[in-house]
Every structure is written in structure tokens, then in C-alpha cells.
There are 2 protein chains.
Amino acid sequence: MYQFEKFDKRLLGEQIEDELLNFIRQEQLEVGQKIPNEFELAEKFGVGRSTIREAVKGLVTKGILEVKRGSGTFVAATQSVEDDPLRLSKLKDKYKLALELFDVRLLLEPEIASLAAEYATQEELEQLKRLCDETEQLYLEGKNHIPKDIEFHTCIARCSKNRVVETLIPVINTAVMTFANLTHRTLMQETIETHRAVVNAILDHDPVGAKCAMVMHLTYNRQALIRRDKEHKKAEMKNKSDDLSCR
Amino acid sequence: MYQFEKFDKRLLGEQIEDELLNFIRQEQLEVGQKIPNEFELAEKFGVGRSTIREAVKGLVTKGILEVKRGSGTFVAATQSVEDDPLRLSKLKDKYKLALELFDVRLLLEPEIASLAAEYATQEELEQLKRLCDETEQLYLEGKNHIPKDIEFHTCIARCSKNRVVETLIPVINTAVMTFANLTHRTLMQETIETHRAVVNAILDHDPVGAKCAMVMHLTYNRQALIRRDKEHKKAEMKNKSDDLSCR
């Protein structure tokens, strides 16, 4: 009976751990930010403080949270080691990080697409086409396409048949998410069209076509990021000058 | 007094942990291989079984060892998560892995060398030159140059000023080590010369020169790997036919 209770308690702790991680992501808490204290979290999730302590302990082990004695519990990373083995989510200045990620993606992903055009199996080609269709469908319905987008890029990397490339998939995923968060998940028509162009070239077993289409895809997104940053800085400048003229 | 003893014990456990890791590497134990049992290890390192248990526990936490109840303790990886965050050392067929690593290095490192030629500081340039000299010196003296070689490639990656590239340094290091183990740490004259060419181009702030010299450096090493594998296969074939003719 005691064992059974213990088992239940563990399950509850894990469940709250997941909810706490979702909370950190939804509130877009950044690395270094403090999370609410035990009392507040216990009330928020409707569980006891011991369960909260267990959930926090779990997230500390996973490198997501960090307890600083006497000052509270802080966000140490926003993704687990498994999802982000290189701890990219710890890096500050998300805009700069997104550009650095584009630099690296531009080195890797065009060549990966080219390898995919050479080595993808029939089954993989069908999966790739399906993922491209599904991402497009979600876009047309105005729904969140990010998980499918990540599946799409992951599938291309798997098709490369290079195991080192496969281990780099989390880097690509982190890049897709960082970009999506900065651009507020708006997807451009160009993204859809270049996704399609990459897939068509891979289906045609055209390595050069796949490579070039991937360069285009990444370049459109990189341009959108730079545009977004310029608008952001302009808005900030305007706010500042409005503040000055109000004085 | 009790605390003090506990402290000492912890230190001894950690020390044995390091020695056990060195033993695994020196014996070139591979992933999946069984390590000697507690009794044997206790005798080997001249410590009690409880210390061995502590060291094993430490290496299990680091993902190096894996305990299978009733059958023993096995190698799960040959590098710690910190040194090998993508768990590349877990991949089987080291020759295939070395080639896959070259594919990825050829995508990344020429461009990294090019960025280094653009962004390296004066201090970094001096460090780079020193590391190149030291690697060459070790080669001429017939000593182990691998740690310096790794420092050399790490320094170039740092000069790129791209933080994502910096997180990829362990991939390059694993590649250098995998290659070195397969070629029995023999260093070619071409390796030394192309190291020098990369450094000279970076010192001259010549991005194209640095990129091309790095392509040459990687290509010489890749060719040496393929040559070595062909010799290895030829020797195997010969052994087989000798066996047959003896029958």
C-alpha cells in the first residue's frame, strides 16, 4: 500500500514537472528570471508544496531550473538536455543567437538537403511530402505549424544518412523555435513555397536543386528576421522620441 | 572529524573515477564491452570495493558506464557528456563515423577558418601561432600532439565569434580524436604544413586563403584515413587467403 502511494506521488510530481515546464515556456520566462515561490506555485497548480518541491527538483536535474539559496529558484535553460544538448537556449540576446544559428544552418542544411536528394528511401520521400502538405495545411488554417515545421527539417536530416548530421538535429530544432518566437510564429508565403521547392527537388533526386532551394528557404527567413529587428528598433526609437517630446 | 573523513573519501572516489576513465580509454574499451568486476578493479587500483562502487556510480551518472543487474558493468560511452554532448562516441563502426565526421567538418571548418581570419583579435592571433608552433614541435620530437591539435582547432573556432560554432567545438574534438585513434596518432608532414597555411592566412586576415587551406588540411587527413582503411582491408584479405592455402 505504501509503495502504491509512493508510486502515485511520483506520477503527480512528474505531471506537475511537465506543467511547470509548460508554464515557463508559455510565459516566455528567460534564462536568469526568477520563478514564483513554492506557495504561489502550489496554489497555482492546486497541489501541495512537497509536490512542487519534487517537480522543481526534477527540473533542476534536467538543467532547466537552478536553486539559489536564500534568493529563490531561477530559470537556467528553457529546453531539456535531450532537446538542447548544446545548451543553446542558455545563450543571451535571442536576436543575435537567431542570426548566429542562421550562419551555421546555412553551412549545414543546404548540403544536408543535397544528401537527402541522393539517399532518401521511397518511404522517406512519401513522409517528406506528407509533412510538407501538413505544414502548408496548418498555415492555411491559421494554426500553429511549428511542431510540423520541426518534423519537416528533422526528416530531411534523417534522409542524409549521416549519423553525425542526425545528432545535430536538435541544433536545427532550436533554430526553428528561436526564429519562430522572434517572428511571433508568422509564416510567410515564401516559407511555404521554398519548403515545397526543397521537397520537389528531393523527390526528383536533384541534389543541386535541393541545395539551392534550401539556401533560398533559409535566406527568406533570415531576411524576415532582419526586417523584424529593424521594425522593432524603429518602434523603440519612436517611443523614445515621443517620451522626449512629452516632457 | 567525521566530516573530514567523508571529504577525504569523496576525493578518493573521484580520483579513482578519473583513473577508471583513463583505464577505459587506454585499453580502448568500446561501447558495450564489459569492464572487470569490483574485486579485480579494487585490486588493480589498490583501494576498497566501496571506493570502486563510488567511482562506478560517478561514471554511471556521467553516462560513461552502465550497470546491468546480474551481468556486470559495461561501457556506455567513452567520453563524458561535457566532452561529447551529442554522444558521438556511442556510434558504432569507428571508420564509418570518422568519414561522417569529415563530411560535417568539411561543411563547418573551412567557413569557421574564414570567419577567424575576419574576427580574430591580436591576442588570439598570437595564441594561434603559438599553438601551431607547439604542435609542430611535439611532432618533431615524436611526442603525442593530439591535445595540442585539439587546442589548435578549438582556438580557431573561438576566433569565429559565433557562439553556436563554439558549442560545436566538442564535435570537432571528437572528430580529431576518432581520426587519431584510427591512424594510430601518426601525423603526416602534410598535416603540419596545412596547419601552418591555415594560421598564416588567418594572420594575414585572408578569409578565402584560410578557408581553402582548411579544405586542404581536412582533405589530406581524409585521404590518409581512406588509405589506411584500404591497407587494413587488404591485410585482412591476405590473412584470409593465407588461412585458406594452409588448409
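Keep in mind the model is a prediction, meaning the values are calculated, not measured.

1. A word on the overall build of chain A
Move 1: A tally of regular secondary structure across chain A gives 10 helices and two strands.
Move 2: Going from the N terminus to the C terminus, chain A shows its helices and strands as α-α-α-β-β-α-α-α-α-α-α-α.
Move 3: For chain A, buried positions account for 45% of its 247 residues.
Move 4: Here the contacts in chain A between residues at least 6 apart in sequence split such that 70% fall between residues at least 24 apart.
Move 5: Of the roughly 13900 Å² of accessible surface on chain A, 52% is carried by carbon and sulfur atoms.
Move 6: Positive and negative side-chain charges in chain A, numbering 37 and 41 respectively, have mean positions lying 6 Å apart.

2. What about unusual backbone geometry?
Move 1: We note that A:Lys161 has phi near 60 degrees; this positive angle belongs to a residue other than glycine.
Move 2: Here A:Lys161 lies in the loop between α6 (146-159) and α7 (163-167).
Move 3: Judged by relative accessible area, which is 36%, A:Lys161 ranks as partly exposed.
Move 4: A positive phi is found at B:Arg87, a non-glycine position, where the angle reads about 55 degrees.
Move 5: As for its position among the elements, B:Arg87 is in the loop between β2 (72-75) and α4 (94-119).

3. Topic: the pairing of strand β1 (residues 65-68) of chain A
All names here are of chain A.
Move 1: Inspection of the sheet shows β1 paired to strand β2 (residues 72-75) by four bridges, in the antiparallel sense. Note on β2: the bridge partner recorded for lysine 68 is glycine 72.
Move 2: Hairpin remark: β1 followed by β2, antiparallel, with three residues in the connecting loop; positive phi at glycine 70, about 85 degrees.

4. Observations regarding the side chain of A:Thr135
Move 1: Within the secondary structure, A:Thr135 sits in helix α5 (residues 122-140).
Move 2: Residue contacts for A:Thr135: discarding those within four places in its chain leaves A:His145, A:Lys148, A:Asp149, A:Ile192 and A:His195.

5. What about the interface of chain A and chain B?
Move 1: Contacts between the two partners involve 23 residues from chain A and, on the opposite side, 23 residues from chain B.
Move 2: Linking A:Arg163 and B:Glu100 is a salt bridge whose minimum nitrogen-to-oxygen distance equals 2.9 Å.
Move 3: Going through the elements one at a time, α4 (94-119) and α7 of chain A are the ones with two or more residues in the side of chain A that touches chain B.
Move 4: With nine residues, α4(A) is the single largest residue contributor to the side of chain A that touches chain B.
Move 5: Counted by class, the side of chain A that touches chain B contains 13 nonpolar, two polar and eight charged residues.

6. Concerning the domain arrangement of chain A
Move 1: In terms of domain boundaries, chain A breaks down into domain 1 (9-75) and domain 2 (88-239).
Move 2: On a C-alpha basis, the centroid separation for the pair domain 1 of chain A and domain 2 of chain A is 32 Å.

Rules used throughout
Residues numbered from 1 in each chain as written. Chains lettered and ligands numbered in written order. Predicted model: local features only at pLDDT ≥ 70, side-chain atom pairs only at ≥ 80, totals over all residues. Heavy atoms only, no water. Helix = DSSP H or I, 4+ residues; strand = E, 2+ residues; numbered from the N terminus. Buried < 20%, exposed > 50% of the residue type's maximum accessible area, 1.4 Å probe, protein only. Contact = heavy atoms within 4.5 Å. Areas by Shrake-Rupley, 256 points an atom, 1.4 Å probe, with all protein chains shown as cover. Lys, Arg positive; Asp, Glu negative; His and termini not counted. Charge placed at Lys NZ, Arg CZ, Asp CG, Glu CD. Pairing = 2+ DSSP bridges. Salt bridge = Lys/Arg side-chain N within 4 Å of Asp/Glu carboxyl O. Nonpolar A, V, L, I, M, F, W, Y, C, P; charged D, E, K, R; others polar. Domains from an automatic or database assignment.

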